[in-house]
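Observations on the three-dimensional arrangement
The lines below spell out each chain.
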Amino acid sequence: MPFARTTDRTGTVFSWLCGGALAVNLVLAIGLVGLIGWHGLGYFWQASVASFELRDGSALIGEIHTVEEVPEDSAQWAGEQRMRVKIGNRDLYRLDFRWVNESEIASIEYPDDLVVLERLEWGNFYGRMRELRRDGEVIASGPQVWTRFGEVYEEKAAEREAVEALERGPIGDVNYAIEGLRLQRRRLEMAGDSTAGRLADVDQRMAAATARYEALAEELFAMREELKDTTVVMEAANGQTREIVVGEVVRSLRPNAMGTLASLRLYGSRLWEFVSDAPRESNTEGGLFPAIFGTVMMVFLMSFAVAPFGVLAALYLREYATEGPMVRAVRIGVNNLAGVPSIVFGVFGLGFFVYSIGGTIDQLFYAEALPTPTFGTGGILWASLTLSLLTVPVVIVAAEEGLAAVPRIVREGSLALGATKFETIWRVVLPAAAPGILTGMILAMARAAGEVAPLMIVGMVKLAPTLPLDHHFPYVHLERKFMHLGFHVYDVGFQSPNVEAAQPLVFATALLLVGVVIAMNLVAIVVRNRVRRAYSTSVL
Amino acid sequence: MPQAQTADVVLESSNLSLWYGSARALSSISLEIPKNQVTAFIGPSGCGKSTLLRCFNRLNDLVDLVRIEGDILYEGRNIYVPEVDVNRLRKRIGMVFQKSNPFPKSIYENVAYGCRIHGVKRKAELDEIVERSLRGAALWTEVKDRLQDSALGLSGGQQQRLCVARAIAVEPDVLLLDEPCSALDPVATAKVEDLIHQLKNDYTIVIVTHNMQQAARVSDRTAFMYLGELVETGPTQEIFTNPKMRQTEDYITGRFG
């Protein structure tokens, strides 16, 4: 048979090899995201609260986190199951978690009256409500406490919000104004402008602002006192009681008495708090909004800096420079730049941007604030510029590839109509290369969003009191330090005083970081596809 | 050639030689292109006809290592002297390429492109130029309802006529056509050839073609080139029926090529 089928062994093996490689990659990627997702999303779910009675007569209340076999090397308990229980009540026990071996447990129950209080400080409290007190007098006790607590809580939550609004709003504004006046006065002094009128004017405004501050501070103090007037007495598992200020309770729950709908609502509200609120308790509780904001803003600034530089450099290399040893050397240099460890860029950014440029800017324009540095210290601008140095090779390489892909005949078509080289590049070549350039930008943004090491020395901080964007003129404060999701993972996971309690938060933060990167990439991809449709060169 | 005809000569090359590095692509070509006529360059592949064509709008300037000797006169003035503004020259001498090369833009923007870079800004004026050019390239009726669509969605023949429209939009004197039909099917080829017949009234046309029948159909004068040399030139009728040179006759009768 001339056309008998023969088996193409090499081909078959090769196709399996390719498929296998892809499969391994997919499994790893899906596994990673799945792991992060599972643990991260589990963080917001409220588990039931168990009440343990142990064989030695003591009692425990807490959430069962994990159940596992006791490691082999423990001779006494080998082969037994043990569980990690979140017992909270850090103010009583100092630790949030403890291990309980199965053989120690006499009984486990899930009574409806167990209460979890999420607090502003000291983490969760697990126990039972005993009394509600106002100004030291009992206003409810026994079973009525829970219902009464709900009403009081609403009232106190509103008061707490008012306190926070006062701190953030008027008091923040007055502080900002006082600082501005202080600098203005200093500037006048330094300029030797002793015109009595102007100094006196500043002093007068300063006095007014200080008076206003004092009035506000008094108001704040009174409000804080009022907030503290109502307390709830909680009884922990071992009978210890604790008086907790209602105004410091973020959320109160009876997890065992909640239905599915209530659980889901709680889940949603925690998720929302996570993405929209500021952090508490050295970042291990509360939300991550400042970190999300910082990450996104830094990536945006980085993109604005890197896009023009990368594209212009690529244009010169591809369109204007004469191909030769010099250009090849530059190209190799650019490619190698992509391989330099990121921390090296961080050190460079610290030396060049922060100390040299920032220090000079301070001396020239912000001398009145010295020795406190303004731009001469890490800040979001320097961090963004450092990252744009880090990512510029990616953009240059991608833009060069994009430019090279524009057919010569299209350029000639433009030149043959009498267009100059610049007009041809600007109106024909660049639009046609735009999708390739945007692909480079997408890669650069993804790289920048995930980068942590260099940022630690050029402006990223564990906790930034203010966002780099606010309602104070000039609205964008590029000199401010900022928070970042990647650093948050590192900080909470490895630097936190309460690592075990924070562990699930690390997953949630990592998931959020992945989500932010994906969201930014999606936006960029949508933009690219629009550009690609408009300037498609695929037919050529 | 009688002296009386020189008044009508638009382009003229005299003793034109061209090297790509050390390889000589054109040797001492002297040729006259008469006004409002179609002149066809024929010859086997690699004989230098496209290279010669690209000398007329100085597009060879862009190729590395090209060296040119001799002169090309456009309306009696040498275009290979430093004072010449190449961009203005190319505006006067338009070109359509072998492979259609519309810009990755809309149909409208493709045609308006040349006028925009030469400073036409008013929308109404551009609209008018686009319509006139597309009508001139016999494409208007096919695309008038989708001017904002991508030019790359057009068929090959339409794209080539769009390139013609784009070239005539800047109102050149001369149109250089570099094998404009080589990538087209017979129907599209016929349309482009019809177009050449119409354009002859307003433009001087120089066409490079592989296809001898096409040269016979569309051109008034034909130049036969072989190995970088101009073998013979004359009225098309004469070249095809009564060639003076042996090589021309061999090529036309299909003995080689």
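What you see is a predicted model, and the numbers here were worked out from it, not measured in a lab. Throughout, a residue's number is its position along its own chain's written sequence, starting from 1. To label them, take the chains in the order written and letter them from A, then take the ligands in the order written and number them from 1. Totals for whole chains, interfaces and linings use every residue, but because this is a predicted model, local features are given only for residues with pLDDT of at least 70 and side-chain atom pairs only at 80 or more, for both listing and counting.

What to know about the overall build of chain B
- Elements are defined by DSSP. Helices are runs of H or I of four residues or more, strands are runs of E of two residues or more, and each kind is numbered from the N terminus. A count of helical and extended segments in chain B gives 10 helices and 10 strands.
- In this description the radius of gyration comes from C-alpha coordinates, and the expected globular size is given by 2.2 Å times residues to the power 0.38. A compact globule built from 257 residues would reach a C-alpha radius of gyration of about 18 Å, and chain B, at 18 Å, matches this within 12%.
- Along the first, second and third principal axes, the C-alpha set of chain B runs to 55 × 45 × 40 Å.
- Taking as baseline every contact in chain B between residues at least 6 positions apart, the subset at least 24 positions apart corresponds to 68%. By the criterion used throughout, residues are in contact when their C-beta atoms, derived from the backbone, lie within 7 Å.

As for the pairing of strand β7 (residues 124-134) of chain A
All names here are of chain A.
- Any two strands with at least two DSSP bridges between them are considered paired. Bridge count for strand β6 (residues 115-119) against β7 is 4 bridges, and the pairing is antiparallel. Bridge pairing in β7 links Val116 to Tyr126.
- Between β6 and β7, which follow one another and run antiparallel, lie 4 residues, and Trp122 among them has a positive phi close to 75°.
- Two elements, β7 and strand β8 (residues 137-141), share 4 bridges in a ladder whose sense is antiparallel. If you follow Arg133 over to β8, its bridge partner there is Val138.
- From the end of β7 to the start of β8, which pair antiparallel, there are 2 residues, and Asp135 there has a positive phi angle of about 50°.

Quick look at the interface of chain A and chain B
- The partner chain B presents 23 residues to the 19 residues of chain A that form the contact.
- When residues of the side of chain A that touches chain B are traced back to their parent elements, those giving at least two are α10 (408-415) and α11 (421-450) of chain A.
- The dominant element in the side of chain A that touches chain B, judged by the number of residues it contributes, is α10 of chain A, at 6 residues.
- Amino acids are sorted into nonpolar (Ala, Val, Leu, Ile, Met, Phe, Trp, Tyr, Cys and Pro), charged (Asp, Glu, Lys and Arg) and polar (every other residue, Gly among them). The class makeup of the residues in the side of chain A that touches chain B is 11 nonpolar, 6 polar and 2 charged.

With respect to the domain arrangement of chain A
Residue and element names in this part refer to chain A.
- Taken domain by domain, chain A holds domain 1 (50-126), domain 2 (133-266) and domain 3 (290-486).
- Each of domain 2 and domain 3 has a C-alpha centre, and these two points are 41 Å apart.
- Listed as interface residues are 5 residues of domain 2 and, on the opposing side, 4 residues of domain 3.
- Here the side of domain 2 that touches domain 3 is composed, by residue class, of 3 nonpolar, no polar and 2 charged. Domain borders in the structure are assigned automatically or taken from a domain database.

With respect to the packing of helix α9 (residues 380-404) of chain A against α11 of chain A
Residue and element names in this part refer to chain A.
- Remark: α9 packs on α11, axes separated minimally by 8 Å, with the N-to-C direction vectors making an angle of 150°. As far as their axial angle goes, α11 and α9 are roughly antiparallel. For α9 against α11, the interelement crossing comes out right-handed. In contact with Leu387, Thr391, Val394, Val395, Val397, Ala398, Ala399, Glu401, Gly402 and Leu403 of α9, α11 contributes Val429, Ala433, Pro435, Gly436, Ile437, Thr439, Gly440, Met441, Leu443, Ala444, Arg447 and Ala448.
- The class makeup of the residues in the contact of α9 with α11 is 15 nonpolar, 5 polar and 2 charged. Lines fitted to C-alpha atoms define the axes here, with helix axes fitted over just the stretch in contact, and angles between the N-to-C directions of these axes take values from 0 to 180 degrees. Orientation labels follow simple angle bins: below 35 degrees gives roughly parallel, above 145 gives roughly antiparallel, 65 to 115 gives roughly perpendicular, and whatever is left gives oblique. Less than a right angle of anticlockwise turn of the near helix away from the far helix marks a crossing as left-handed, whereas a clockwise turn marks it as right-handed.

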